[in-house]
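A closer look at the structure
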Amino acid sequence: MSTSSLAAPLDVELRPGRPPVARIDTPPDVPGWAARYRDVLRARVAEHGSLLVRGLGLRDPEQQVRAVFDRLTGGLMTERESFAPRETFGSGLYVSTTWPANQPMCMHHELSYTQEPPGLMLFACLTAPEDGGATAVADAAEVLRELPAEVRTRFEREGWLLTRSYNDEIGASLEESFGTADRAGVESYCRANGIDFVWQPNGSLRTTQRRPAVVRHPVTGEACWFNQIAFLNEWTLAPEVREYLVDIYGADGLPFNTRYGDGTPIGEDVVELLNATYEKHTRREPWQAGDLLLVDNVRTAHSREPYTGDRQVLVGMADPRRLDAGATNPEASER
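Notes on the structure in this doc start here. These numbers were taken from a predicted model, which means no experiment stands behind them.

Brief notes about the side chain of Glu-79
- Summarising the element assignment, Glu-79 is placed in the loop between helix 3 (61–72) and strand 5 (94–95).
- Residue Glu-79 is classed as buried on the basis of its relative accessible area, which comes to 8%.
- A polar contact is formed between the side chain of Glu-79 and the side chain of Arg-86, at a distance of 2.8 Å.
- Those residues in contact with Glu-79 that lie beyond four places of it in its chain are Arg-86, Tyr-94, Glu-110, Leu-111, Glu-176 and Met-317.

If you want it as structure tokens, here you go:
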């Protein structure tokens, strides 16, 4: 174990296989503590890519969680292009995405398929699960360096495609994704955000958007593997879930899927490789009720592991970023 410190007394524990953790005594005024330590906490996240703060005793969504999130940011983002519905606690404060408890949500960067993804993710655990359910993290620059050159260079060259088919049974609705169910409003959003769209004969919507797979960190300039290629790919789904969805919607009508930037399918072997590389660099710490987790969304991927029991984690997003594409060759991606 080692510690690092700034001028303010906030030591950070660094342990192999674990995210950085700062342990504190619960302050009487949690929002005031967050305001006082804002610069220190943000500096820690910039230094390490993520930070778990243990001891805040967060319990109340509005009086504590929202107040803390607001004091640590310049304001929370309203989510757009969500892939699943979320329960909300007012503008910008969400319950973590609904997803079967026995199924993992593999490593990804939140809203990496949008033109202005969040630079900072904020998580607050109100109820810790009985077992599992960690929000694990992985260093995106390390993942990029670990990938075989032929995989890395193709995605750097072509980027990746996200295809979505909106329906009334699975995933977010048009209004939840675009902020409106009005066809003209949806089309206007798509045109403004580089999304190709086609209305199907039954009135449903199919979209395609091409995004870079590797971006430059907006502060450090480091090349980072930044996408949701594996997470939203059909081969990451449990086999029985994928088979059911293909039977219902067809191979080209899945609620979401990813492809190479030129439109060709991504093989199961590549998706397995990506997930295995993430796992090699995964750091995890079980949630405790009251925890706060801050994640640099560009430098650090996050996941949600399977769990048992109740689990309530609130999420906020901040610091929207327009990101530059990263390296276009293996040598550059290692600089």
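Thoughts on the sheet that holds strand 18 (residues 300–304)
- Pairing within the open sheet is antiparallel, and its four strands lie in the order 6-18-9-16. Of all the strands in the sheet, the pair left with one neighbour each is strand 6 (105–108) and strand 16 (282–283).
- Looking at chain direction, strand 6 and strand 18 are connected through two bridges and run antiparallel. By the bridge assignment for strand 18, His-108 is matched with His-302.

Points about helix 3
- For helix 3, built from 12 residues, the straight-helix expectation of 16 Å at 1.5 Å per residue is met to within 8% by its first-to-last C-alpha distance of 15 Å.
- By the burial criterion, the buried members of helix 3 are Pro-61, Gln-64, Val-65, Arg-66, Ala-67, Val-68, Phe-69 and Leu-72.
- At its buried positions, helix 3 is contacted by helix 1 (30–36), helix 2 (38–48), strand 7 (118–127), strand 17 (292–296) and strand 20 (312–320).
- Its side-chain oxygen placed 3.1 Å from the backbone nitrogen of Glu-62, Asp-60 serves as the N-cap of helix 3.

Regarding the pairing of strand 17
- Taken across its five residues, strand 17 has five buried, putting it largely inside the fold.
- The sheet contact formed by strand 7 and strand 17 spans five bridges and is antiparallel. Across the sheet, the residue bridging to Met-121 is Val-295, located in strand 17.

What counts, and where the lines are drawn
- Going along each chain's sequence as written, the residues are numbered from 1 onward.
- Only residues with pLDDT of at least 70 are given local features in this predicted model, and only at 80 or more are side-chain atom pairs given and counted; all residues enter the totals for whole chains, interfaces and linings.
- Side-chain measures were taken over the full set of non-hydrogen atoms in the model, leaving aside hydrogen atoms and water.
- Secondary structure elements follow DSSP: runs of H or I no shorter than four residues count as helices, runs of E no shorter than two count as strands, and numbering proceeds from the N terminus.
- Three exposure classes are used, based on accessible area relative to the maximum for each residue type with a 1.4 Å probe and protein chains only: buried under 20%, partly exposed in between, and exposed over 50%.
- The term polar contact refers here to a pair of N or O atoms within 3.5 Å; inside protein, the definition further demands a hydrogen-donor-capable atom paired with an acceptor-capable atom, and it admits residues adjacent in sequence only when both atoms are side-chain atoms.
- Contact criterion: two residues are considered in contact whenever any of their non-hydrogen atoms come within 4.5 Å of each other.
- For two strands to pair, DSSP has to find at least two bridges joining them.
- Expected span of a helix, by definition, is 1.5 Å for each gap between consecutive residues, and there is one gap fewer than residues.

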